[in-house]
Amino acid sequence: MSINQIRLYDLFRKELSLSDDKAADFVLAVAEVAGSEAESQKQLLATKEDAHQLEFNLGSDIRNLELKLGDNIHNLELKLGGDIHNLELKLEDDIHNLEFKLGGDIHNLELKLEDDIHNLEFKIGNDIHNLELKIEQSRADTYKAMFWTGIAQLIAILGGVLAIVKFTK
């Protein structure tokens, strides 16, 4: 028995008026509880070896995680690189198709505009020619009307002169 146990024994026997057997049992019970609690606390405390093992395990886990992350990042870079390359090819193809389509549309528009301009020039040319013909016809008709008017005036003047001559006789 230790000195602390003897002091507890005396305390229980004298102060609490316990019998020798009961005081001894009570001291043993307290010792068991204290020992059990100490063992429990001891198990909770990490030893240097436990700390080194934990450090080693954590270091190993960190390295494995770094390797896995590195592989994942590398795989992601490869996938993104491939996706970007495929997107560039598709965009180039779409741009080429759009340029080809727009070029064809522009060419067709140019041909249609040229045809429309040609038809308009032809129509305007015909209209101008018809207008010139009408103007020429109007001029000819005006000359005919002036000629016939002149002849009618000449006949009227001659008729007037004849009437004056006949009237004076």
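Just so it is clear, the model here is predicted, and its values are computed rather than measured.

Cut-offs and rules
- Residues numbered from 1 in each chain as written.
- Predicted model: local features only at pLDDT ≥ 70, side-chain atom pairs only at ≥ 80, totals over all residues.
- Heavy atoms only, no water.
- Helix = DSSP H or I, 4+ residues; strand = E, 2+ residues; numbered from the N terminus.
- Areas by Shrake-Rupley, 256 points an atom, 1.4 Å probe, with all protein chains shown as cover.
- pLDDT = per-residue confidence, 0-100.
- Phe/Tyr/Trp six-rings, centres within 6.5 Å; stacked < 30°, edge-to-face > 60°.
- Buried < 20%, exposed > 50% of the residue type's maximum accessible area, 1.4 Å probe, protein only.
- Salt bridge = Lys/Arg side-chain N within 4 Å of Asp/Glu carboxyl O.
- Patch = residues over 30% accessible without salt bridge, like charges linked within 9 Å, V, L, I, M, F, W, Y side chains within 5 Å.

Caption draft 1: Expanded view of the overall build of the chain. Broken down by element type, the chain carries three helices and zero strands. Along the chain, helices and strands appear, N-terminal first, in the series α-α-α. Overall size of the chain, expressed as C-alpha extent along the three principal axes, is 200 × 45 × 15 Å. For the chain, the exposed surface amounts to about 15300 Å²; the carbon and sulfur share of it is 65%.

Caption draft 2: View of the confidence of the model for the chain. A residue-level look at the chain finds 95% of positions with pLDDT of 70 or above and a mean pLDDT of 87. For the chain, per-element mean pLDDT is lowest for helix H1 (residues 3-15), which scores 73, and highest for helix H3 (residues 48-168), which scores 92.

Caption draft 3: Structural context of the packing of aromatic side chains. Taken as a whole, this structure holds one aromatic pair when the rule is applied. Measuring from centroid to centroid gives 5.4 Å for phenylalanine 147 and tryptophan 148, while their planes differ by 75°, and the two rings are edge-to-face. Judged by its relative accessible area of 48%, phenylalanine 147 falls in the partly exposed class.

Caption draft 4: Structural context of the pattern of salt bridges. Under the defined criterion, the tally for this structure stands at five salt bridges. Among the ionic pairs, lysine 112 bridges to aspartate 116, the shortest N-O distance being 3.4 Å. Of this pair, lysine 112 and aspartate 116 are both found in helix H3, four residues apart, which corresponds to roughly one turn of the helix. Arginine 139 is paired through a salt bridge with glutamate 136; the nearest N and O atoms lie 3.2 Å apart. Here arginine 139 pairs with glutamate 136, and both are found in helix H3, just three residues apart, close to one helical turn. Residue glutamate 136 is classed as partly exposed on the basis of its relative accessible area, which comes to 43%.

Caption draft 5: Molecular detail of a nonpolar patch on the surface. A cluster of nonpolar side chains, Leu54, Leu58 and Ile62, forms an exposed patch at the surface whose accessible area comes to about 290 Å². Of note, leucine 54 is situated in helix H3.

Caption draft 6: The environment of isoleucine 6, seen in detail. With respect to the secondary-structure elements, isoleucine 6 resides in helix H1. For isoleucine 6, a relative accessible area of 41% gives the class partly exposed. Placed 18 residues apart in sequence, isoleucine 6 and alanine 24 show a C-alpha to C-alpha distance of 9.1 Å.

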